[in-house]
Amino acid sequence: MNIGIVGATGYGGADLIRILQNHPEVDSLQLYSSSQPGEPIRDSFPHLQRLPEAGLQEIDPVSMGKSLEVVFMATPAGISSELTPELLAEGLRVIDLSGDFRIKDSKIYETWYGKKPAPPEWVAKAVYGLTEWTKEEIRDAQLLANPGCYPTATLLGLLPLAQRSLLKQNSIIIDAKTGVSGAGRGFSTATHFSETNENFKVYKVNRHQHTPEIEQELSRWNQQVEPVTFSPHLVPMTRGIMATIYAEVTESTMEEELRKTFQDSYRNAPFVTVREAGNFPETKQVYGSNQCDIGISYDERTGRITIVSVIDNLMKGAAGQAVQNFNVMFGFDETTGLGLLPVYP
């Protein structure tokens, strides 16, 4: 297949290149940039020195429609909403890694993102690509909205219980931490080495743009969902997300029963691992992979469950999940090109 990546000079774009360059179903990989057309990709990423045909091209939807079959949009929010409809009009299928097509309510998008929403007709048609939960819809999608990194870790940790109404919906608290790469390659004091090294800070308290995405998808599987408390933190590491989730259960139960619910939900999910009792995952244990590892503990004293969900934010939280969705969309084995073991140590 002939594949295009728009936004190839970002971190998500770099991981897409790393995966798709070795994908057995990819014949041609074309890279596009609005800021650096004509320049070789090695100028942005010297580690890609050996990549063949690696010149960055100018974005032209008409010519792209003639030479490509699918485009990955690895752009910041606000850019894809304008460019993606043009690509779709040329008959291309699009996998969008920005947040522009995830939120179905345009007013909610505008409130949380502070940007003009995408055309409502395409937002309505966009399929939310949390692969383990929306696979049947993904198969026929022309436009796929790849989930955000925080929502991926959080939803994979919550949906097995939320779907079965085993959680008190007004009790959900999500305490999440991410590595610095989640902020992208742009320069700012927030991600400056001197500001982040040996530091640990909370940010966007009660106003992070992934909050309505989490609530929207929870409500899809349980209509009684109520607003959640979501607190993101920045930690001095490059990759990784750990979402530690607290919620009260609706009835007295045992940890073994709750764990079985997770195991049943992910029995056929090749990239989700439910840890055994007393075993909790670390971000380093999924580094560089498309894996999501989940550990749980139920406290009978408080009636509260603790769920620990970890992913690599650039892989399962972005590029890896995008390729997983690409595989489903085109009828390939879900794991094709994604058999990367975690990098350790």
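For the structure, check the block above.
All values reported here derive from a predicted model rather than from experimental measurement. Here the residue index of a chain counts from 1 through its sequence in written order. The predicted origin of the model limits local features to residues at a pLDDT of at least 70 and limits the giving and counting of side-chain atom pairs to 80 or more, whereas totals for whole chains, interfaces and linings rest on all residues. In computing side-chain properties, one takes all heavy atoms of the structure into account and sets aside hydrogens as well as water.

Please set out the overall build of the chain residue by residue, giving values where relevant.
Each helix and strand in the chain was counted, giving 11 helices and 14 strands. Based on C-alpha atoms, the radius of gyration is set beside the globule rule, defined as 2.2 Å times the residue count to the power 0.38. For 345 residues, the compact-globule estimate of 2.2 N^0.38 gives 20 Å, and the chain sits close to it at 20 Å. Overall, the C-alpha framework of the chain stretches about 65 × 45 × 40 Å when taken along its three principal axes. Of all 345 residues assigned to the chain, the portion counted as buried reaches 56%. We call two residues in contact whenever any of their non-hydrogen atoms come within 4.5 Å of each other. A sequence separation of at least 24 residues applies to 71% of the contacts in the chain between residues at least 6 apart. Note on areas: Shrake-Rupley with a 1.4 Å probe; residue coverage comes only from the protein chains shown. Entry remark: accessible area of the chain is about 15,200 Å², with carbon and sulfur atoms responsible for 48%. His is not counted, nor are the chain ends; Lys and Arg add positive charge and Asp and Glu add negative charge. Charge placement uses NZ in Lys and CZ in Arg. For Asp and Glu, CG and CD serve respectively. Where the 30 positive side-chain charges of the chain centre and where its 42 negative ones centre are 2 Å apart. In this description a helix means any DSSP run of H or I spanning at least four residues, a strand means any run of E spanning at least two, and both kinds are numbered starting from the N terminus. Only protein chains enter the accessibility calculation, which uses a 1.4 Å probe; a residue is then buried when its area is under 20% of its type maximum, exposed when over 50%, and partly exposed in between.

So what's going on with the side chain of Thr244? Residues and values would help.
One can find Thr244 in strand S11 (residues 241–248). Those residues within four positions of Thr244 in sequence are excluded, and the remaining contacts are Ile173, Ile174, Asp175, Lys177, Thr306, Ile307 and Val308.

So what's going on with the pattern of salt bridges? Residues and values would help.
Salt bridges are identified by distance alone: a Lys or Arg side-chain nitrogen within 4 Å of an Asp or Glu carboxyl oxygen. Tallying each qualifying case throughout the model produces 17 salt bridges. Taking the shortest distance from any N to any O, the salt bridge between Arg239 and Asp312 comes out at 3.1 Å. Taken together, the residues Arg239 in the loop between strand S10 (229–234) and S11 and Asp312 in the loop between strand S14 (304–311) and helix H11 (315–329) connect sequence positions 73 residues apart. The exposure classification of Arg239 matches that of Asp312, with both residues buried. Residue Arg267 is joined to Asp264 by a salt bridge in which the shortest nitrogen-to-oxygen separation is 2.4 Å. Residue classification places Asp264 among the partly exposed positions, given a relative accessible area of 32%. Within the structure, one salt-bridge network assembled from shared partners comprises Asp15, Arg18, Arg239 and Asp312.

Describe in detail the nonpolar core, supporting the description with residues and values.
Counting 40 residues, the largest nonpolar core has Ile172, Leu218, Tyr266, Ile294, Ile305 and Ile307 as the members making the most contacts within it. Those elements that provide at least two residues to this core are helix H7 (149–163), strand S8 (173–178), helix H9 (211–221), S11, helix H10 (255–265), strand S12 (272–274), strand S13 (292–299) and S14. In terms of residues, this core owes the most to one element, H7, which gives nine residues. Residues enter a nonpolar core if they are buried and are Ala, Val, Leu, Ile, Met, Phe, Trp, Tyr or Cys, with the set joined through side-chain atoms within 4.5 Å. Counting 37 residues, the second largest nonpolar core, distinct from the first, contains Leu20, Phe72, Ala319 and Leu338.

Got a sec to walk through the packing of aromatic side chains? Specific residues and values, please.
Two rings belonging to Phe, Tyr or Trp (six-membered ring only in the last case) form a pair when the distance between their centres is within 6.5 Å. Interplanar angles under 30 degrees mark stacking, angles over 60 mark edge-to-face geometry, and anything in between is tilted. In the structure shown here, the tally under the stated rule is eight aromatic pairs. Look at Tyr109 and Tyr113: their rings are 4.6 Å apart centre to centre, the planes differ by 15°, and that puts the pair in the stacked class. Here Tyr113 and Tyr109 lie together in helix H4 (residues 106–113), a separation of four residues that amounts to about one turn. Of the residues examined, Tyr109 reaches a relative accessible area of 1% and is grouped as buried. With centroids separated by 5.1 Å and ring planes inclined at 75°, the aromatic side chains of Tyr150 and Phe230 adopt a geometry described as edge-to-face. One end of the pair, Tyr150, is in helix H7; the other, Phe230, is in strand S10, with 80 residues separating them in the sequence. These aromatic residues form a ring-pair network of at least three members: Phe72, Phe326, Phe330 and Phe332. Whether a charge sits over a ring comes down to the Lys NZ or Arg CZ being within 6 Å of the ring centre and within 35 degrees of the ring normal. Here the basic side chain of Arg239 rests over the ring of Tyr287, its NZ or CZ set 5.9 Å away from the ring centre.

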